[in-house]
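A closer look at the structure
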Amino acid sequence: SKETINKGHSRNPSNGTSACFLSEWVTLNVGGRIFTTTRSTLTQQDSHSMLARMFGEETDVSWHSSVDDNGAYLIDRSPLYFEPLLNYLRHGKLLLDKNVNPEGVLEEAKFFGLTSKSQAPDDNSSIT
Amino acid sequence: SKETINKGHSRNPSNGTSACFLSEWVTLNVGGRIFTTTRSTLTQQDSHSMLARMFGEETDVSWHSSVDDNGAYLIDRSPLYFEPLLNYLRHGKLLLDKNVNPEGVLEEAKFFGLTSKSQAPDDNSSIT
Amino acid sequence: SKETINKGHSRNPSNGTSACFLSEWVTLNVGGRIFTTTRSTLTQQDSHSMLARMFGEETDVSWHSSVDDNGAYLIDRSPLYFEPLLNYLRHGKLLLDKNVNPEGVLEEAKFFGLTSKSQAPDDNSSIT
Amino acid sequence: SKETINKGHSRNPSNGTSACFLSEWVTLNVGGRIFTTTRSTLTQQDSHSMLARMFGEETDVSWHSSVDDNGAYLIDRSPLYFEPLLNYLRHGKLLLDKNVNPEGVLEEAKFFGLTSKSQAPDDNSSIT
Amino acid sequence: SKETINKGHSRNPSNGTSACFLSEWVTLNVGGRIFTTTRSTLTQQDSHSMLARMFGEETDVSWHSSVDDNGAYLIDRSPLYFEPLLNYLRHGKLLLDKNVNPEGVLEEAKFFGLTSKSQAPDDNSSIT
């Protein structure tokens, strides 16, 4: 659908008021590796997660994020285990490759606050 | 054959009229990783796919694609799962490596509109 | 918790006196691959490890570290086996992926002095 | 032997007449990933392959190769499957890693014209 | 030990006379991938290997090494199979990961002259 296509790729500045102040595209430097994504991806699945709070519209003014020389937001975590989490934020499914240790992904999920305890027991969209 | 060789590598400006306006070579920034390919690769397998619509000759004027600082088109998806899809567009075969989760590739195929439902049931060139 | 979030991402200069002289974020060039992390990660698990001594506050003045053209600290070791060690420093768990030879990680742990012999026999937070 | 060492590493301009016009070292941008190699590697195993014709001394004048911003020759193929082919050109053996789908390498071998049909049936130095 | 730490990381110019003329840190461009290491690593395990002869103090004046635009020494070999060899030079153990074809590493060992035939039969520090 048109909607799906627009979500990730195009961004018409006239679509939202906040777009004037916050760039939709975000670059993250996770442990030395660069990830490119959008604010909507980082904030949509769980509004209480650490990433949603870092990149959402109502960002706390007292929040201090560091950026590297290229303007990428610095995150001191493992890029290997962050990758499946970012994909989870993109389409709501947690998919692991054979080579990746699931415990590592779980550690990252905990760190980013993506293991919601407030969800109903049979809500299978949560990570753990 | 000469034809095969020409497809990917050389591009004589006198071969087509549209080449004056659209660069044949395209750089994509998929989730932070760079892919280099050609417009003909992105558009040839399925003229209705999202990539064909983004990079084809009759691109919708209202389409807004973002590019990064190096001019690469930004796509907010997983590079790991995009790679086999791009290869599918190159030679028409979907090949997976041991390490790659097939579900991840299917998610990307859905996102890019490469799972054609209009194909005949025994057309085994489709992805799903 | 707020504390967890602050650890990796934001760094308020007013929090510590040493922050005026030492940058909290550190870039390492391990065998040609770049890792980004923080001084607190490198120093927190074992104050006697080589990394803690390299990047801690009471760094020996006679210590000469080389940096590459981008200011990353040069370490002549394998990036493949350094990665799980750095993650160990981040969250205290040594996690290996299927593809990684455990012996290689052990060699790195020895080199960096992260195989503490002073720990109690049943302290399962040590690497070996 | 001295000969072996010289092959890959040093190149004395006085050794050959063509060296004045063609740089021995070649950079390829295969699908977005950079490979560095030499003209002699690309041309030595099979003088009729596409790469030998692209980078050999008797290059067809009508051949148009595109280069990226850094001068690397653009090739619209998979870097993952190109890698074992390039190694085959370096030492004459086709070696696959566990993770790599052999069908992908075969597709690339076909594309580059490295599956010679003119070889004797029991010549086991050919790829297929 | 202090000695171990100094080996890889710090280099006091006053320690050796040759340090004035040869930079201890060396960058290699192996087939397109960058490796950073030291001259002492490249020369210590086998003084007759190709790398020892390329980067040792008594380098043959007639030796012509090419460097890329960033000053990295160009080597026309596979980075995948070079990596375990470089680690062997770092700590004297040849360690392979599951994914890596041992035959590929052996080909590189032969090319670099690291398969010493002059060693005693029961010297298990040799590669083959």
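Residues numbered from 1 in each chain as written. Chains lettered and ligands numbered in written order. Predicted model: local features only at pLDDT ≥ 70, side-chain atom pairs only at ≥ 80, totals over all residues. Heavy atoms only, no water.

When helices and strands are tallied, chain A shows five helices and three strands. The helix and strand sequence of chain A, counted from the amino end, reads α-β-β-α-α-β-α-α. Out of the 128 residues belonging to chain A, those deemed buried represent 49%. Summed over all atoms, the accessible surface of chain A reaches about 6,300 Å², with 49% contributed by carbon and sulfur. (Helix = DSSP H or I, 4+ residues; strand = E, 2+ residues; numbered from the N terminus. Buried < 20%, exposed > 50% of the residue type's maximum accessible area, 1.4 Å probe, protein only. Areas by Shrake-Rupley, 256 points an atom, 1.4 Å probe, with all protein chains shown as cover.)

Once that is clear, we can look at the packing of helix α4 (residues 79-91) of chain E against helix α5 (residues 102-111) of chain E. Residue and element names in this part refer to chain E. One way to put it is that α4 packs onto α5 with a least axis distance of 8 Å and a crossing angle of 70 degrees. The angle between α4 and α5 falls in the class roughly perpendicular. Along this stretch, α4 crosses α5, giving a crossing that reads as right-handed. Where α4 approaches α5, its residues Y81, F82, P84 and L85 are matched on the opposing element by G104, V105, E108 and A109. (Axes fitted to C-alpha atoms, helices over the stretch in contact; angles between N-to-C directions. Parallel < 35°, antiparallel > 145°, perpendicular 65-115°, else oblique. Left-handed = near helix turned anticlockwise from the far one by under 90°. Contact = heavy atoms within 4.5 Å.)

On to the packing of aromatic side chains. Following the criterion strictly, the structure yields 20 aromatic pairs over all chains and no others. Note on F35 of chain B and F82 of chain B: the rings are 5.1 Å apart at their centroids and 70 degrees apart in plane angle, and the pair reads as edge-to-face. Taken as a pair, F35 of chain B in strand β2 (residues 33-38) and F82 of chain B in helix α4 (residues 79-91) lie far apart in primary sequence, 47 residues in all. For F35 of chain B, a relative accessible area of 3% corresponds to the buried category. Ring centres of F55 of chain C and Y73 of chain C lie 4.9 Å apart, and the angle between their planes is 85 degrees; this geometry places the pair in the edge-to-face category. Residue F55 of chain C is located in helix α3 (residues 50-55), and its partner Y73 of chain C is located in strand β3 (residues 73-75); the two are separated by 18 residues in the primary sequence. Among the aromatic residues, those joined into a ring-pair cluster are F35, F82, F111 and F112 of chain A. Positioned over the ring face of F111 of chain C is R77 of chain C, at 3.9 Å from the centre of the ring. (Phe/Tyr/Trp six-rings, centres within 6.5 Å; stacked < 30°, edge-to-face > 60°. Lys NZ or Arg CZ within 6 Å of the ring centre and 35° of its normal.)

The next thing to look at is the sheet that holds strand β1 (residues 25-30) of chain A. Residue and element names in this part refer to chain A. As summarised here, the arrangement of the three strands in space is β2-β1-β3, forming an open sheet in which the pairing is mixed. Each edge of the sheet is formed by a strand with only one pairing partner; in this case those strands are β2 (33-38) and β3 (73-75). The mean angle between the axes of side-by-side strands here comes to 30 degrees, regardless of whether they run parallel or antiparallel. As judged from the six bridges shared by β1 and β2, these two strands associate in the antiparallel manner. Within β2, the residue paired with V30 across the bridge is R33. Packed on one face of the sheet, helix α4 (residues 79-91) meets β1 and β2 and runs near 10 degrees to β2. (Pairing = 2+ DSSP bridges.)

Positionally, P79 of chain A belongs in helix α4. For the pair formed by P79 of chain A and L89 of chain A, sequence separation is 10 residues and the distance between their alpha carbons is 15 Å. Residue contacts for P79 of chain A: discarding those within four places in its chain leaves V30, G31, R33 and F35 of chain A together with E83 of chain C.

What follows is about the side chain of T38 of chain C. With respect to the helices and strands, T38 of chain C occurs in strand β2 (residues 33-38). Its relative accessible area of 1% is what places T38 of chain C among the buried residues. Here D76 of chain A takes part through its side chain, which lies 2.8 Å from a polar atom of the side chain of T38 of chain C. Here the side chain of T38 of chain C touches T41 of chain C through a polar contact of 3.1 Å, side chain to side chain. (Polar contact = N/O pair within 3.5 Å; in protein donor to acceptor, adjacent residues only side chain to side chain.)

We now examine the pairing of strand β1 (residues 25-30) of chain D. All names here are of chain D. Across the six residues of β1, five count as buried, placing the element largely inside the fold. Hairpin geometry of β1 and strand β2 (residues 33-38) is characterised by an intervening segment of two residues between the two adjacent antiparallel strands and by a positive phi of about 65 degrees at G31. Pairing analysis gives three bridges linking β1 to strand β3 (residues 73-75), with the strands arranged parallel. When the sheet's bridge partners are listed, N29 is paired in β3 with L74.

On the surface, K98 of chain A, K98 of chain B, K98 of chain C, K98 of chain D together with K98 of chain E cluster together to form a positively charged patch. Positionally, K98 of chain E belongs in the loop between α4 and α5. Its relative accessible area of 53% is what places K98 of chain E among the exposed residues. (Patch = residues over 30% accessible without salt bridge, like charges linked within 9 Å, V, L, I, M, F, W, Y side chains within 5 Å. Salt bridge = Lys/Arg side-chain N within 4 Å of Asp/Glu carboxyl O. Lys, Arg positive; Asp, Glu negative; His and termini not counted. Charge placed at Lys NZ, Arg CZ, Asp CG, Glu CD.)

All of the buried residues in helix α5 (residues 102-111) of chain C are G104, V105, E107, E108, A109 and F111 of chain C. One or two steps after α5 of chain C, the chain reaches G113 of chain C, where phi turns positive at roughly 70 degrees.

Our next topic: the sheet that holds strand β2 (residues 33-38) of chain E. Residues and elements named next belong to chain E. Overall, mixed pairing links the three strands, which are arranged β2-β1-β3 in an open sheet. Edge strands, defined here as strands with exactly one partner in the open sheet, are β2 and β3 (73-75). In this sheet, neighbouring strand axes are inclined to one another by 30 degrees on average, regardless of whether the strands run parallel or antiparallel. Across the face of the sheet, α4 comes into contact with β1 (25-30) and β2 while running at roughly 10 degrees to β2.

Time to look at the pattern of salt bridges. Under the criterion given, the structure shown has 25 salt bridges over all chains. Note that R90 of chain C and D76 of chain A form a salt bridge whose closest N and O atoms lie 2.9 Å from each other. Of the two residues, R90 of chain C sits in helix α4 (residues 79-91) while D76 of chain A sits in the loop between β3 and α4, which places them in two different chains. In this structure, R90 of chain C and D76 of chain A share a single accessibility class: buried. Each of the salt bridges in this network shares a partner with another, and the network as a whole consists of K93 of chain A together with E107 and K110 of chain B.

What follows covers α4 of chain C. Residue and element names in this part refer to chain C. With 13 residues, α4 should reach 18 Å at 1.5 Å per residue; the first-to-last C-alpha distance of 19 Å fits that figure. A large share of α4 lies buried, amounting to 12 of its 13 residues. For α4, the complete set of buried residues consists of P79, Y81, F82, E83, P84, L85, L86, N87, Y88, L89, R90 and H91. Looking at where α4 begins, the residue whose side-chain oxygen comes 3.3 Å from the main-chain nitrogen of L80 is S78. Where α4 ends, the next residue or the one after it, G92, has phi of about 80 degrees, a positive value. (Expected span 1.5 Å × (residues − 1).)

A separate point is the confidence of the model for chain A. Residue and element names in this part refer to chain A. Per-residue confidence for chain A gives a mean pLDDT of 77, with 67% of residues at or over 70. Mean pLDDT values over the elements of chain A span from 34, in helix α1 (residues 2-8), up to 97, in β2. Below a pLDDT of 50 lies the segment residues 1-21, which in the model reaches 33 contacts outside its immediate sequence neighbourhood of four places, other chains included. Under a pLDDT of 50 for its full length, residues 117-124 has, in the predicted model, two contacts with residues more than four places off or in other chains. (pLDDT = per-residue confidence, 0-100.)

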